[in-house]
Amino acid sequence: MADDGHQEGVAADLVRRGADAAQQAAGWLDNREPGDLLDEIRDYGRRHPGTFLAAAGIAGLLAGRLGRALSSGNGGSADQATGQPEEHPDGVLHLPPSASARAPLRHGPTGSEVGP
């Protein structure tokens, strides 16, 4: 869409601008060594400490959310600290349904799956 010069409109203009910005950023990164990149980041942090801290905080929150989402692949039914199934106040152990479509799994007295 960005390369097609026949397209007109707001969406085509935004895509074109985004492609140009991505190309400039890639060229800028391509011309620098990793050490130079770290020096640029440090210099920016010294010149704009508030913006740097805000960006670092947002990046940390996003990384934490991503890590939490990747680590909780069990459907959210386990305690995060122990990995054991949660027991609800009514005393009933609530487990998610088994993901296996071949043979249903039974849950033992402790809540762990014991097989077909």
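Basis of the calculations
Residues numbered from 1 in each chain as written. Predicted model: local features only at pLDDT ≥ 70, side-chain atom pairs only at ≥ 80, totals over all residues. Heavy atoms only, no water. Helix = DSSP H or I, 4+ residues; strand = E, 2+ residues; numbered from the N terminus. Buried < 20%, exposed > 50% of the residue type's maximum accessible area, 1.4 Å probe, protein only. Contact = heavy atoms within 4.5 Å. Areas by Shrake-Rupley, 256 points an atom, 1.4 Å probe, with all protein chains shown as cover. Patch = residues over 30% accessible without salt bridge, like charges linked within 9 Å, V, L, I, M, F, W, Y side chains within 5 Å. Salt bridge = Lys/Arg side-chain N within 4 Å of Asp/Glu carboxyl O. pLDDT = per-residue confidence, 0-100.

Asks: Give me the overall build of the protein chain: which residues, what numbers.
Replies: Looking only at helices and strands, one finds 3 helices and 2 strands in the protein chain. Looking at the 116 residues of the protein chain, the share that counts as buried comes to 7%. Look at the contacts in the protein chain between residues 6 or more apart in sequence, and 0% of them connect residues 24 or more apart. When the accessible surface of the protein chain is summed, it comes to about 9500 Å², and 57% of that surface belongs to carbon and sulfur atoms.

Asks: Please give an account of a nonpolar patch on the surface that cites residues and values.
Replies: Taken together, the side chains of L38, I41, Y44, F52 and L53 define a hydrophobic patch exposed on the protein surface, amounting to about 450 Å² of accessible area. Looking at the nonpolar patch, the elements that each hand over two or more residues are helix 2 (34-47) and helix 3 (49-71). Residue contributions to the nonpolar patch peak at 3 residues, all from helix 2. Mapped onto the secondary structure, L53 falls in helix 3. By relative accessible area, which is 59% here, L53 ends up exposed.

Asks: Could you give an account of the confidence of the model for the protein chain, with specific residues and numbers?
Replies: This prediction gives the protein chain a mean pLDDT of 76; 56% of its residues lie at or above 70. Mean pLDDT in the protein chain bottoms out at strand 2 (residues 113-115), which sits at 59, and peaks at helix 3, which reaches 93.

Asks: Residue-level account of the pattern of salt bridges, with values.
Replies: Applying the stated rule across the entire model yields 4 salt bridges. A salt bridge links D13 to R17; the shortest N-O distance between them is 3.5 Å. Of this pair, D13 and R17 both sit in helix 1 (residues 10-30), separated by 4 residues, roughly a single helical turn. On the basis of relative accessibility, which here comes to 30%, the residue D13 falls in the partly exposed class. Take R17: its relative accessible area is 58%, and that puts it in the exposed class. Close ionic contact of D43 with R46 constitutes a salt bridge, the shortest N to O distance being 3.3 Å. Here the residue D43 and the residue R46 both occupy positions in helix 2, the gap between them amounting to 3 residues, near one helical turn.

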